[in-house]
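# Residue-level structure breakdown
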Amino acid sequence: GIGEICNALLSEMDGFSGYPGRPVFVLAATNYAVEPGSSRCLAPGLVRRFDRCLKLELPDCAQRRQFLEQLAGKRKLLELSQEGLIRLALRSHGMSLASLEAAAERAMRRALQENGKATDEMLEEVLRGGASEEKTGALLERAALHEAGHGLLSYQAGKAPAYLTIASRSGFGGYMQPQAGRRSVYTKQEAFLQLQCALGGRAAELVRYGEENGLSSGAAADLAVATQDCLKMLCCWGMGKTLGTVVMEPEKALAGPLGAAVLQEAKELLDEQMELAVAYLREHERALEALSQALAERGYLDGAAFAEILQ
């Protein structure tokens, strides 16, 4: 199995240290994470065998577009329009070129089954994890408002969206893609703004529909993210009053004698950030309405269209 192969590789690498001949240099490249905590992470025992680890930046939008253009030129089954190339480059933010090529391969396999060619729409469905669900009427308006709320609060936090869509895929009613990935270091105020961004969809619904009708199940995933990030602030980043500078995993903190106090502090903090998010969107309600209307009409907004609406 995989474990046996890994053990054999580790034994071979250990043997290099006593090799009597010329020094042996081992070079390797991977798309897997090297730090523990990811579901796709290399075994720590393997990582320790390497003296240096060089991290390369993921491709930017222009590089992803160029790669897709080159790939379409080589593969006859892949037929992408110029507009599609731009859209796909935006929507594949955070993907390596290997991951992007694998997505294209899945789209081409589907095209073979349907005796056709892999189009922009097919590749978009693969990137977002499945076919889009159609929205109409009130559901479309609520989804557009929800994503507009996320986008506007992300803009407030200094991360203008690179892409906003109301297409439903993989259980999500829509999707907001920031221009940059999550930071490795947050100040307390930046962490607060990040919480407000996560709560932006629910806050937008509250602004338009009020306390009763503004509560919907569409915010479930957002609330889970906000809760996890809030507990991380209190338990792992030393930003809370209950634990202070004592650091522990949230699960252990909640299971311990101070668990109720930590949970109460998290509730108060999230309630406070929700109030701030609602207040910000009320103050900028005209922009919120303009964004949600454009999303409802077009289905998606890229970074340029988002910025143009806010001007």
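The structure this text deals with has already been given above.
The structure presented is a predicted model; accordingly, all values stated were derived computationally and were not measured.

## A word on the nonpolar core
Counting residues in hydrophobic clusters, the biggest one holds 47 residues, and the most contacted among them are Leu281 and Leu288. Residue assignment for this core shows that the elements contributing at least two residues are helix H7 (137-156), helix H8 (188-198), helix H9 (200-213), helix H10 (220-235), helix H12 (259-283), helix H13 (285-298) and helix H14 (303-310). Examining the composition of this core, we find that 9 residues originate from one element, H12, more than from any other. Here Leu288 is in contact with Leu145, Ala148, Gly149, Leu152, Ala204, Val207 and Leu281, once residues within four sequence places are set aside. Ranked by size, the runner-up nonpolar core spans 18 residues in total, among them Met95, Leu100, Ala103 and Leu123.

## With respect to the pattern of salt bridges
Side-chain pairs of opposite charge can arise where the charged atoms are in close proximity. Tallied over the entire structure, the rule returns 9 salt bridges. Arg87 is the salt-bridge partner of Glu124, the closest N and O atoms lying 2.6 Å from each other. In this pair, Glu124 is assigned in helix H6 (residues 120-128) and Arg87 in helix H4 (residues 82-91), connecting sequence segments 37 residues apart. Residue Glu124 is classed as buried on the basis of its relative accessible area of 8%. Note that Arg110 is salt-bridged to Glu125, the shortest N-O span being 2.5 Å. Pair noted here: Arg110 is in helix H5 (residues 97-113) and Glu125 is in helix H6, with a separation of 15 residues, a long-range link.

## Considering the side chain of Gln273
Secondary-structure assignment places Gln273 in helix H12. Here Gln273 is in contact with Phe192, Leu195, Gln196 and Leu199, once residues within four sequence places are set aside.

## Section: H8
Within H8, 8 of the 11 residues are buried, which leaves the element mostly enclosed by the surrounding structure. Within H8 the residues assigned to the buried category are Ala191, Phe192, Leu193, Gln194, Leu195, Gln196, Cys197 and Ala198.

## Focus: H10
With 16 residues, H10 extends 22 Å from end C-alpha to end C-alpha; this agrees with the ideal 22 Å at 1.5 Å per step. Among the residues of H10, those classed as buried are Asp222, Ala226, Asp229, Cys230, Leu231, Met233, Leu234 and Cys235. Residues of H10 that are buried make contact with H7, H8, helix H11 (250-255) and H12.

## A few points about the packing of H7 against H9
Where H7 meets H9, the closest approach of the two axes is 5 Å, and the angle between their N-to-C directions is 130°. Looking at the two axes, H7 sits oblique to H9. For the pair H7 and H9, contact is made by Glu141, Arg142, Leu145, His146, Gly149, His150 and Leu153 and by Gly200, Gly201, Arg202, Ala204, Glu205, Arg208, Tyr209 and Asn213, respectively. Residues of the contact of H7 with H9, tallied by class, amount to 4 nonpolar, 6 polar and 5 charged.

## Focus on the state of the cysteines
Applying the stated criterion across every chain, the model contains 0 disulfides. Here Cys235 stays free of any disulfide, with the sulfur of Cys236 as its closest cysteine sulfur at 6.0 Å. Under the relative-accessibility criterion, Cys235 is labelled buried at 0%.

## Quick look at the packing of aromatic side chains
Tallied over the full model, the rule gives 2 aromatic pairs. Ring plane angle 55° and centroid distance 6.1 Å describe the contact between Tyr155 and Phe306, whose orientation is recorded as tilted. Of this pair, Tyr155 sits in helix H7 while Phe306 is found in helix H14, placing the two residues 151 residues apart along the sequence. In this structure Tyr155 comes out as partly exposed when scored by relative accessible area, which is 42%. Among the residues examined, Phe306 registers a relative accessible area of 2% and is labelled buried. An angle of 20° between the planes, with centres 5.9 Å apart, marks the rings of Tyr186 and Trp237 as stacked. Here Trp237 lies in the loop between H10 and H11 and Tyr186 lies in the loop between strand S2 (175-178) and H8, a separation of 51 residues in the sequence. The buried category is assigned to Tyr186, whose relative accessible area is 12%. Judged by its relative accessible area of 36%, Trp237 is partly exposed.

## Some details on the packing of H13 against H14
Between H13 and H14, the shortest axis-to-axis distance is 9 Å and the interhelical angle comes to 140°. Taken together, H13 and H14 sit at an angle that is classed as oblique. For the element pair H13 and H14, the recorded crossing hand is right-handed. Here H13 contributes Ala287, Ala290, Leu291, Ala294 and Arg298 to the contact with H14, which in turn contributes Ala305, Phe306, Ile309 and Leu310.

## Side note on unusual backbone geometry
Look at Asn115: it is not a glycine, yet its phi comes out positive at around 55°. Checked against the element boundaries, Asn115 lands in the loop between H5 and H6.

Definitions and cut-offs
Numbering of residues begins from 1 in every chain and follows the order in which that chain's sequence is written. In keeping with the model being predicted, local features are shown solely for residues with a pLDDT of at least 70 and side-chain atom pairs are shown and tallied solely at 80 or more, while totals for entire chains, interfaces and linings include all residues. Computation of side-chain values: all heavy atoms of the structure, hydrogens and water removed. Only buried residues count toward a nonpolar core, which is a set of Ala, Val, Leu, Ile, Met, Phe, Trp, Tyr and Cys residues joined through side-chain atoms within 4.5 Å. Classification of residues uses two cut-offs on accessible area relative to the type maximum, computed with a 1.4 Å probe and protein chains only: under 20% is buried, over 50% is exposed, and between them is partly exposed. Helix and strand definitions here come from DSSP, where helices need a minimum of 4 consecutive H or I residues and strands a minimum of 2 consecutive E residues; each element is numbered from the N-terminal end. In this description, contact between two residues means that some pair of their heavy atoms is separated by no more than 4.5 Å. A pairing counts as a salt bridge when a side-chain nitrogen of Lys or Arg comes within 4 Å of a carboxyl oxygen of Asp or Glu. To estimate how far a helix should reach, multiply one less than its number of residues by 1.5 Å. An axis is simply a line fitted to the C-alpha atoms; with a helix, the fit covers only the stretch in contact. Between two such axes, the angle follows the N-to-C directions and lies from 0 to 180 degrees. Our angle categories are set so that under 35 degrees counts as roughly parallel, over 145 as roughly antiparallel, 65 to 115 as roughly perpendicular, and the remainder as oblique. Note that Gly is not counted as nonpolar here; it falls among the polar residues with everything else outside the nonpolar set of Ala, Val, Leu, Ile, Met, Phe, Trp, Tyr, Cys and Pro and the charged set of Asp, Glu, Lys and Arg. By disulfide we mean two sulfur atoms from cysteines, separated by a distance within 2.5 Å. For this analysis, a ring pair means two rings from Phe, Tyr or Trp (six-membered ring only for Trp) whose centres lie within 6.5 Å, classed as stacked if their planes differ by under 30 degrees, edge-to-face if by over 60, and tilted for the remaining angles. Handedness of each helix crossing follows the sense of rotation of the near helix against the far helix: counterclockwise by less than a right angle gives left-handed, clockwise gives right-handed.

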